[in-house]
Amino acid sequence: MSRLELFGVGASVRAALAADSREGSVLGRVVEERRDSLLVALEERDLRCSISGRLRHEAVDRLDVPVVGDWVGVVPPRPGIAGDGVIHAVLPRSSVLVRKEVGRGGGSQPIAANVDVVLIATSANGDFSVGRLERYVALAWESGAQPVVLLTKLDMCPNVASYVEEAQAACPGVPVVAVSAVSGAGLASLAPHLAPGRTAALVGSSGVGKSTLVNRLLGREEQRVLAIREHDATGVHTTTSRRLIPLPSGALLVDTPGMREVGLSGDDGGVESTFADIEALAADCRFRDCSHAVEPGCGVQAAIDDGRLEATRLESYEKLRREALWMARKNDPAGRATQRKEWKKRHAANEQLRRLRGET
């Protein structure tokens, strides 16, 4: 097996590079982002690379420049000459994990490309948050990859079954795996998601045990680990950069720093997949454009009334959907008028509902 086959190369990737006419171009995969360069795995070695001036100039936004996991066309230095390679092309992606940049004016920030599975790590302790988990799952569905929820620190949790039930209720159809990186419990259930040739991205808040899990999967101490803070059950940020790591199983793992904020990038398809139960109930609404607030014959409100759906879940759905639509509107000026009309309609419906309930 060639070195790039260990990094998951396929026939379609090689064909994409073959269509490029750049003289001396070779295939590589970005394995690490550094402050002023990228580390790229080539067939023979790893090579530090910069991004060509033309590629930077033609990039519309950060989604057009290479990130960890990307397959790229590289022109290496001439034989016998020391120096960096130059990335001149980003090959077509099968998926890309994107979040909104931190800050009020943030655009889209790519995290990893060509990912098959997104492993969402969350602690089975007081730091567990349904709302945060729903955001991560929506982010994963948006990317085009399969989300998998990892409930970490199983060895420290006496009532893990309750956390599993809560996670399953929040993420219908998404596999939920409880693991202990310390004892190894549950890792066998994770193995099918880390099959040879597959790329997984490990995401989660700081201190949920990602570094400990990476060390366990590697079978060696690769990542620095710090203890959690006992007063609030949260951990400490240790990973500082994104890296693509080959695992003994033959899978590849993108290890990422903890995210303090999980903003959606603007594709509401991820929200629809995360809340597939609400989308299914909405199919029973009398009106196609039902706001699920005051309209008669609303399938979603009927489910809340008879206990099949928690009102808080509908609130989460509406919140994330508004956020995704806001980002889509921000990135698509032509759609702003349509979204503005939609928001006015929903605002009027919510006001009418409050009046009916005597809240105004």
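Here, every reference points to the structure presented above.
Residues numbered from 1 in each chain as written. Predicted model: local features only at pLDDT ≥ 70, side-chain atom pairs only at ≥ 80, totals over all residues. Heavy atoms only, no water.

## A look at the packing of aromatic side chains
Consideration 1: Using the criterion set out here, one finds 2 aromatic pairs in the structure.
Consideration 2: Centroid distance Phe128 to Tyr163: 5.4 Å. Interplanar angle 75°. Geometry classified as edge-to-face. Highlighted residues: Phe128 in the loop between β8 (117-123) and α4 (130-143) and Tyr163 in helix α5 (residues 160-170), separated in sequence by 35 residues.
Consideration 3: We classify Tyr163 as buried; its relative accessible area is 15%.
Consideration 4: Both rings, one in Phe275 and one in Tyr317, keep their centres 5.5 Å apart while their planes meet at 65°; by these two values the pair is edge-to-face. (Phe/Tyr/Trp six-rings, centres within 6.5 Å; stacked < 30°, edge-to-face > 60°. Helix = DSSP H or I, 4+ residues; strand = E, 2+ residues; numbered from the N terminus. Buried < 20%, exposed > 50% of the residue type's maximum accessible area, 1.4 Å probe, protein only.)

## Brief notes about the environment of Arg288
Consideration 1: Note that Arg288 resides in the loop between α9 (276-282) and α10 (299-305).
Consideration 2: Residue Arg288 is classed as exposed on the basis of its relative accessible area, which comes to 89%.
Consideration 3: A C-alpha to C-alpha distance of 9.9 Å links Arg288 and Cys298, two positions 10 residues apart in sequence.

## Considerations on empty space enclosed by the protein
Consideration 1: Throughout the structure, instances matching the rule amount to 1 cavity of 30 Å³ or more.
Consideration 2: Counted as a void, the largest cavity has a volume near 30 Å³.
Consideration 3: Surrounding the largest cavity, Ala121, Thr122, Ser129, Arg132, Leu133 and Tyr136 form its lining.
Consideration 4: Where the lining of the largest cavity is concerned, the elements lending two or more residues are β8 and α4.
Consideration 5: The biggest single contributor to the lining of the largest cavity is α4, with 3 residues.
Consideration 6: The residue makeup of the lining of the largest cavity, split by class, is 3 nonpolar, 2 polar and 1 charged. (1 Å grid on protein atoms, 1.4 Å probe; cavity = no way out; pocket = protein on both sides within 12 Å on 5 of 7 lines; lining within 4 Å. Points joined across faces, edges and corners; volume = space filled by probe spheres on them. Nonpolar A, V, L, I, M, F, W, Y, C, P; charged D, E, K, R; others polar.)

As far as function goes, none of this settles anything; it's purely spatial.
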